[in-house]
Amino acid sequence: MINEVLNLLGSIVLLTAFFMLTESYMHSIINAVAFQSLLIGLIIGIVGWKEGIGELIILGGITITFRALLIPWLLQRDVRRERIWRGREIKTTHHAIVLGLIVAVLAYFLYVPVYMTTDNWKGIIPFVLLFLSMLIIVSRRNALAQIVGYLSEENAMLYLAVMLSPMPMVLEFGILLDMIAFVLLAMVLSAEKHYGPLEVEELVG
């Protein structure tokens with residue numbers, strides 16, 4: 001029963017990644033990554049409860065607090081503050097969903113050697129999510145949208161670590177990823193105070 005619940009939640013997580021690939025409005029993309037983080041926090045907590053690992057239950061709570069609540073709130077506040085974001089469409093590729101499906105299939109075949117080594121199919125969903133998140137980053141030209149892609153990528157790495165190796169040390173790994181996310185977010189928001197909403201070209205000069 002628990003495995004079926006985990007698979008269902010994982011499938012919904014993948015759908016959020018496809019949604020972020022095709023969505024054009026910033027506030028919707030931020031809401032999607034917040035919902036994705038909530039689901040992954042629940043997954044981590046359920047795995048911790050199932051395996052009797054209290055550290056994973058704590059990590060699930062931290063994931064929900066920071067990734068599903070705090071960071072999306074900071075991003076939404078920036079979107080509300082900068083009027084340019086309120087009705088603005090950011091650029092997406094016309095064939096984003098097709099590219100996403102191709103990347104998902106590629107990730108599936110790339111996971112086969114991992115399965116041969118670990119004899120564990122539980123990592124397939126987060127592995128596919130990792131590749132979809134990288135596609136979100138490279139397909140976006142807006143700094144905030146790329147931060148969302150980075151958050152999704154971190155979610156995938158946490159999810160993968162829990163599925164392949166549900167050990168207490170994953171807690172430290174999750175905290176480290178949260179710290180990196182906060183530093184990156186602080187840098188971009190600080191730059192926006194001086195230069196306004198940033199596109200990739202403005203970041204690289």
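Data block above holds the structure.
Each value, and the rule that gives it
- Residues numbered from 1 in each chain as written.
- Predicted model: local features only at pLDDT ≥ 70, side-chain atom pairs only at ≥ 80, totals over all residues.
- Heavy atoms only, no water.
- Phe/Tyr/Trp six-rings, centres within 6.5 Å; stacked < 30°, edge-to-face > 60°.
- Helix = DSSP H or I, 4+ residues; strand = E, 2+ residues; numbered from the N terminus.
- Axes fitted to C-alpha atoms, helices over the stretch in contact; angles between N-to-C directions.
- Parallel < 35°, antiparallel > 145°, perpendicular 65-115°, else oblique.
- Left-handed = near helix turned anticlockwise from the far one by under 90°.
- Contact = heavy atoms within 4.5 Å.
- Nonpolar A, V, L, I, M, F, W, Y, C, P; charged D, E, K, R; others polar.
- Expected span 1.5 Å × (residues − 1).
- Polar contact = N/O pair within 3.5 Å; in protein donor to acceptor, adjacent residues only side chain to side chain.

Which residues make up the packing of aromatic side chains, and what are the values?
Geometry of an aromatic ring pair is reported as the spacing of the ring centres plus the angle between the planes. Throughout the structure, instances matching the rule amount to six aromatic pairs. On the numbers, 5.5 Å between centres and 80 degrees between planes, the contact of Tyr108 with Phe109 is edge-to-face. Geometrically, the ring pair formed by Phe127 and Phe131 is tilted, given 5.1 Å between the ring centres and 50 degrees between the ring planes. On the criterion of helical spacing, the pair formed by Phe127 and Phe131 is a turn pair, its members being four residues apart in helix H5 (residues 124-139). Here a set of aromatic residues connected by ring pairs shows up, and it is made of Tyr108, Phe109, Tyr111, Tyr115, Trp121, Phe127 and Phe131.

Tell me about the packing of helix H1 (residues 2-22) against H5, residues and numbers included.
The interhelical angle for the contact between H1 and H5, taken along N-to-C directions, is 10 degrees, at an axis separation of 9 Å. Taken together, the axes of H1 and H5 are roughly parallel relative to one another. As for how H1 packs across H5, the hand of that crossing is left-handed. Where H1 abuts H5, its residues Asn7, Gly10, Ser11, Val13, Leu14, Ala17, Phe18, Met20 and Leu21 lie against Ile125, Val128, Leu129, Leu132, Leu135, Ile136 and Ser139. Here the contact of H1 with H5 is composed, by residue class, of twelve nonpolar, four polar and no charged.

Now, about helix H4 (residues 96-118): what can you tell me, with residues and values included?
In a regular helix each residue adds 1.5 Å, so 23 residues correspond to 33 Å; H4 covers 32 Å between its end C-alpha atoms and thus fits that length. Buried residues belonging to H4 abut H1, H5 and helix H6 (143-164). Phi for Asp119, located one or two positions after H4, is positive at around 55 degrees.

Explain the environment of Ser133 to me, using residue names and the numbers behind them.
Within the secondary structure layout, Ser133 lies in helix H5. Each C-alpha atom, one on Ser133 and one on Ala156, is 7.9 Å from the other, the two residues being 23 residues apart in sequence. Within the structure, Ser133 has its side chain in polar contact with the side chain of Ser152 (distance 2.7 Å).

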